[in-house]
Amino acid sequence: DAKTTQPPSMDCAEGRAANLPCNHSTISGNEYVYWYRQIHSQGPQYIIHGLKNNETNEMASLIITEDRKSSTLILPHATLRDTAVYYCIVRGYRDDKIIFGKGTRLHILP
Amino acid sequence: EPEVTQTPSHQVTQMGQEVILRCVPISNHLYFYWYRQILGQKVEFLVSFYNNEISEKSEIFDDQFSVERPDGSNFTLKIRSTKLEDSAMYFCASSGEGGQPQHFGDGTRLSIL
């Protein structure tokens, strides 16, 4: 089973920042937090990952709490194309498989 | 940007027939994976492959399934004697080394009639 808890759905207005929360209270010291998204009928798309420091790339920012029990994915200026299911995944660096949960279905509203 | 490509995008097969799904991973990647997603359900891990052998497989990946890297570029999933419940999207993924992000193809939709 997935080691994370996410809200099943969220809405965000186009142009605003979308903040997607994730709880991972049982995360262990060598496990990373990964975020993927799946746009309808496409394969999962890697967004970002981190261990304990906040991370930023061209797609998003990842904020991990100091105790590492939760994190937030931030899409700074959401567009309609960001409508997707977003998956928060906890995974050891050497783990093979990704265990997907149900994710958060993000609706971007025009 | 390099990407994982999968063919065909849609495969329709009669129950009991064999089917081969094909994937071209990103060229310098070493780890290869297959996942499936039954309509309306979660993405499920099937198998991982490294150094020409299976490194991990799920309970779903029974004797009906096999994987192969027949040359330096392709990675295939074979399903023998397909069943109706094999109908799903099948995603191939690859990564540069263990723990690096996996990159997914856009999948093959397999429909068993």
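As shown above, the structure is provided for reference.
Predicted, not measured: the structure shown is a model, and the values here were computed from it.

Caption draft 1: Structural context of the state of the cysteines. Scanning the entire structure with this criterion turns up 2 disulfides over all chains. The disulfide that involves Cys22(A) links it to Cys88(A), with 2.1 Å between the sulfurs. Judged by the torsion about the S-S bond (-85°), the Cys22(A)/Cys88(A) disulfide is left-handed. A residue pair is termed long-range when its members are at least 10 positions apart, and Cys22(A) in strand β2 (residues 18-23) and Cys88(A) in strand β8 (residues 84-92) qualify at 66 residues. The disulfide partner of Cys23(B) is Cys92(B), and the gap between their sulfur atoms is 2.0 Å. Here Cys23(B) and Cys92(B) share a disulfide; its torsion about the S-S bond, -65°, makes the bridge left-handed. Of this pair, Cys23(B) sits in strand β3 (residues 19-24) while Cys92(B) sits in strand β9 (residues 88-95); the two residues are 69 residues apart in sequence, bridging distant segments of the chain. Summarising the burial analysis for this pair, Cys23(B) and Cys92(B) share the class buried. Among the cysteines around Cys12(A), which has no disulfide bond, Cys22(A) carries the closest sulfur, lying 18 Å off.

Caption draft 2: Summary view of the sheet that holds strand β3 (residues 31-38) of chain A. Residues and elements named next belong to chain A. Reading across the sheet, the 5 strands line up as β1-β9-β8-β3-β4 and stay open at both edges, with mixed pairing between neighbours. Bordering the open sheet on either side are β1 (9-13) and β4 (45-50), each of which pairs with just one other strand. Here the strands of the sheet are splayed against their neighbours by 25° on average, with no regard to which way each runs. Relative to β4, β3 runs antiparallel, the two being bridged by 5 bridges. Within the sheet, the bridge partner assigned to Arg37 lies in β4 and is Gln45.

Caption draft 3: Quick peek at the packing of aromatic side chains. Overall, the coordinates contain 15 aromatic pairs over all chains when judged by the stated rule. Arranged with centres 5.7 Å apart and planes meeting at 70°, the rings of Tyr35(B) and Phe45(B) form a pair that is edge-to-face. You can see Tyr35(B) sitting in strand β4 (residues 31-37) and its partner Phe45(B) sitting in strand β5 (residues 43-50), a full 10 residues away along the chain. The exposure classification of Tyr35(B) matches that of Phe45(B), with both residues buried. On the numbers, 5.6 Å between centres and 25° between planes, the contact of Phe61(B) with Phe65(B) is stacked. Given the relative accessible area of 5%, Phe65(B) is considered buried. Every member of this aromatic cluster is reached through a ring pair, and the members are Tyr36(A), Tyr46(A), Tyr87(A), Phe100(A), Tyr33(B), Tyr35(B), Phe45(B) and Phe104(B). Here Arg91(A) stacks its cationic end above the ring of Tyr34(A), 5.2 Å away from the centre of that ring.

Caption draft 4: Layout of the side chain of Gln102(B). Mapped onto the elements of the fold, Gln102(B) is located in the loop between β9 and β10 (103-104). Looking at Gln102(B), its side chain comes within polar contact range of the side chain of Tyr35(B), at 2.8 Å. The contact partners of Gln102(B), leaving out residues within four places of it in the chain, are Tyr36(A), Tyr46(A), Arg91(A), Asp96(A), Lys97(A), Ile98(A), Tyr33(B), Tyr35(B), Ala93(B), Ser94(B) and Ser95(B).

Caption draft 5: Focus on the sheet that holds strand β7 (residues 65-68) of chain B. Residues and elements named next belong to chain B. In space, the 4 strands of this open sheet follow the order β1-β3-β8-β7, with antiparallel pairing throughout. With partners counted over all chains shown, the strands left at the sheet margins are β1 (5-7) and β7, one partner each. If you compare each strand with its neighbour and ignore which way they point, the axes differ by 20° on average. Relative to β3, β1 is paired through 3 bridges, and the arrangement is antiparallel. Within β3, the residue paired with Thr7 across the bridge is Arg22.

Parameters and conventions
- Residues numbered from 1 in each chain as written.
- Chains lettered and ligands numbered in written order.
- Predicted model: local features only at pLDDT ≥ 70, side-chain atom pairs only at ≥ 80, totals over all residues.
- Heavy atoms only, no water.
- Disulfide = S-S within 2.5 Å.
- Helix = DSSP H or I, 4+ residues; strand = E, 2+ residues; numbered from the N terminus.
- Buried < 20%, exposed > 50% of the residue type's maximum accessible area, 1.4 Å probe, protein only.
- Pairing = 2+ DSSP bridges.
- Axes fitted to C-alpha atoms, helices over the stretch in contact; angles between N-to-C directions.
- Phe/Tyr/Trp six-rings, centres within 6.5 Å; stacked < 30°, edge-to-face > 60°.
- Lys NZ or Arg CZ within 6 Å of the ring centre and 35° of its normal.
- Polar contact = N/O pair within 3.5 Å; in protein donor to acceptor, adjacent residues only side chain to side chain.
- Contact = heavy atoms within 4.5 Å.

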